[in-house]
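These are the residues of each chain, in order.
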Amino acid sequence: MWFKYTCYENFQDMNPATGQILLKLSEVHFKHATFGSTMARVFVYGTLKKGQPNYKHMINTAKGLAKFQGRGHTVEKYPLVIAGKYNIPYMLNIPGTGHHIAGEIYSVDEQMLQFLDEFEGCPDMYQRTLMRIQVVEWEGKGGAGEARAAADGVLECFVYSTATYPPEWVGLPYYDSYDSSGKHGLSYVLRESRE
């Protein structure tokens, strides 16, 4: 079965006549969770983590369902920078540079995934791609395949990173973990507080 998907960078096949990106449904890595709908794994590393300014969206069931599964870090190193006048955290899609980025793993339903795409400005500001995440702590109670993957220590999760950034961002300080109230002194500016 083939599935057309518009916000995914690492495609499996492309229709040469239309240029549409096509994926096998199994490549999207949706899993069935105990609360009965199709779920996808998402790794968050910035303002959507617990205790951060936008975590409220992860627990707002009007936007969809998000179930905390555990904590981990990227298998590959990436630069995590804080940039722009609103002090937004960005994982630059430059594999092999920077740090193993720490974050949280969630299972989300299709409604929450759609909300996250819109919230993250996908595909213009961030691009949602699959990345390998090393599990550090696991609380998830998914199916047998998910439990086996977590036991092996590495999961594939969707991550919102960016390949569309000003070149000077590469010269900013790199972080391995984000906290809006961190020692960097660059507190995130909430959308409702922006001019």
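The structure this text deals with has already been given above.
Note that this is a predicted model, so its numbers are computed, not measured.

Help me understand the side chain of H57, please; the structure alone is not making it clear to me.
Within the fold, H57 resides in helix α1 (residues 55–58). With relative accessibility at 14%, the residue H57 sits in the buried group. Excluding its chain neighbours within four sequence positions, the residues that come into contact with H57 are L48, K63, M112, F115 and F119.

Please clarify how the packing of aromatic side chains should be interpreted in this entry.
Under the criterion given, the structure shown has four aromatic pairs. Ring-pair connections join several aromatic residues into one group, and the members of that group are Y90, Y126 and W169. One residue, K50, lies across the ring of F68, its end atom 3.7 Å from the ring centre. For R191, the ring lying beneath its charged end belongs to F119, and the centroid distance is 3.9 Å.

Is there a simple way to explain the nonpolar core in this structure?
Generally speaking, a soluble globular protein has its nonpolar side chains buried in company with each other. V42, F43, Y45, Y90, M91, V108 and L116 are the most contacted members of the largest nonpolar core, which totals 42 residues. Mapped onto this core, the elements with two or more residues apiece are β5 (38–44), α1, β7 (80–83), β8 (88–91), β9 (102–109), α2 (110–119), β10 (127–138) and β11 (154–161). The contacts of Y90, once residues within four sequence positions are left out, are Y45, P79, L80, V81, A83, M125, Y126, T162 and W169.

What is the right way to look at the pairing of strand β6 (residues 66–74) in this model?
Two faces make up the sheet, and in a regular strand the side chains alternate between them. Pairing of β6 with β9, which is carried by seven bridges, proceeds in the antiparallel orientation. Note on β9: the bridge partner recorded for A66 is V108. Of the pairings in the sheet, the one linking β6 to β10 comprises five bridges and is antiparallel in character. Paired with H73 across the bridge in β10 is Q134.

Reading guide: rules and limits
Residues numbered from 1 in each chain as written. Predicted model: local features only at pLDDT ≥ 70, side-chain atom pairs only at ≥ 80, totals over all residues. Heavy atoms only, no water. Helix = DSSP H or I, 4+ residues; strand = E, 2+ residues; numbered from the N terminus. Buried < 20%, exposed > 50% of the residue type's maximum accessible area, 1.4 Å probe, protein only. Contact = heavy atoms within 4.5 Å. Phe/Tyr/Trp six-rings, centres within 6.5 Å; stacked < 30°, edge-to-face > 60°. Lys NZ or Arg CZ within 6 Å of the ring centre and 35° of its normal. Core = buried A, V, L, I, M, F, W, Y, C linked by side-chain atoms within 4.5 Å. Pairing = 2+ DSSP bridges.

Remember that the coordinates give geometry; whether it matters functionally is a separate question.
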